[in-house]
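These are the residues of each chain, in order.
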Amino acid sequence: MKRRAQGGLGSALLWWAGRAAVPVLVLLLWQWLGASLRLPHYLSYPGEIAQAAAELAGDGELWVHLRDTLLRLVCGFALGSAIGVAAGLVAGTSRGARGFLDPLVAFVNPVPKIAFLPIVLLLFGLSSSAQIAIVAFSVSFPVFLGTQQAVLMVDRHLIWVARNFEMSSPALLFRVVLPAALPGVFAGLRVGLALSFVVLFAAELIGAKTGLSRLIVEGEEWIRYDIMLVGIVGYAILGFIADRLLLQVRKRVLKGSLVGTQEADQ
């Protein structure tokens, strides 16, 4: 038993080492090229970026930008996801709602959502509410499309069996249709999560006084390329953590559905 545990731990360490090897090597190479002055002056290397981050964290400025960006992301993503899932369930289960929503979504969806920012700013002003609203608006589309398609792909036999047992409509929706559609719902959520970072980045550039995007602008104005890269790296770290968290939630929620798949072994 002890040998098995040691073997499992060794395999896990090797797996993590294999995944971390390439990023670590890239960082080491980047650091060496920068420290030896082999990089352009505008491409700060990891040591300079870390020093700038420590400087900003020391006076509290970095935490203000991180807090406001994270607040806008969480609120916008949660609101947009709720709207998208609810509308997708309705459109997927109601032919009349689908006939109304499908043409509307097909018309609006191709338009870059950041194009609506001037209207949103007129409605909400230069506040975090404007960034939250534009993020929620943007996220709702991929989540809606993923949810609607997933509902339409639910096996009809499951619905027929539930109706034969005289299951009520709310119970049918939440105990049969939604659980069967969850893989597609999570696919839409993951697309919406990535889109929320893209949209928020642009929205903060135009209509915000704080946030990581404003930090990047300040670095540009001060000709501090290390500060610009602090903002960019901050976005990258937040995006990576958010994506990993969503995947872990998905893995737990879909635990039974993933049995026998490659994802269950990861």
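Above this text you will find the structure in question.
Residues numbered from 1 in each chain as written. Predicted model: local features only at pLDDT ≥ 70, side-chain atom pairs only at ≥ 80, totals over all residues. Heavy atoms only, no water.

S.K.: Could you give me a rundown of the overall build of the protein chain, with the residues and numbers involved?
M.R.: Of the regular secondary structure elements, the protein chain holds 10 helices and zero strands. Order of helices (α) and strands (β) in the protein chain, N terminus to C terminus: α-α-α-α-α-α-α-α-α-α. Overall, the protein chain is about 75 × 65 × 30 Å in size when its C-alpha atoms are taken along their principal axes. Sorting the 266 residues of the protein chain into buried and exposed places 36% on the buried side. A separation threshold of at least 6 residues defines the contact pool for the protein chain, and within that pool the share at least 24 residues apart is 69%. As displayed, the protein chain has an accessible area near 16,100 Å², and 69% of this comes from carbon and sulfur atoms. (Helix = DSSP H or I, 4+ residues; strand = E, 2+ residues; numbered from the N terminus. Buried < 20%, exposed > 50% of the residue type's maximum accessible area, 1.4 Å probe, protein only. Contact = heavy atoms within 4.5 Å. Areas by Shrake-Rupley, 256 points an atom, 1.4 Å probe, with all protein chains shown as cover.)

S.K.: So, a nonpolar patch on the surface: which residues are in play, and what are the values?
M.R.: Together, Val-233, Ile-237, Phe-240, Ile-241 and Leu-245 make up a nonpolar patch on the protein surface, roughly 470 Å² of accessible area in all. Secondary-structure assignment places Ile-241 in helix α10 (residues 225-253). For Ile-241, a relative accessible area of 43% corresponds to the partly exposed category. (Patch = residues over 30% accessible without salt bridge, like charges linked within 9 Å, V, L, I, M, F, W, Y side chains within 5 Å. Salt bridge = Lys/Arg side-chain N within 4 Å of Asp/Glu carboxyl O.)

S.K.: I'd like to hear about the pattern of salt bridges, residue by residue, with values.
M.R.: Applying the stated criterion to the full structure yields six salt bridges. Close ionic contact of Glu-55 with Arg-224 constitutes a salt bridge, the shortest N to O distance being 3.4 Å. You can see Glu-55 sitting in helix α2 (residues 46-58) and its partner Arg-224 sitting in the loop between α9 (212-221) and α10, a full 169 residues away along the chain. Note that Arg-190 is salt-bridged to Asp-243, the shortest N-O span being 2.8 Å. Pair noted here: Arg-190 is in helix α8 (residues 169-207) and Asp-243 is in helix α10, with a separation of 53 residues, a long-range link. Residues joined in a network through salt bridges with shared partners are Glu-55, Arg-224 and Asp-226.

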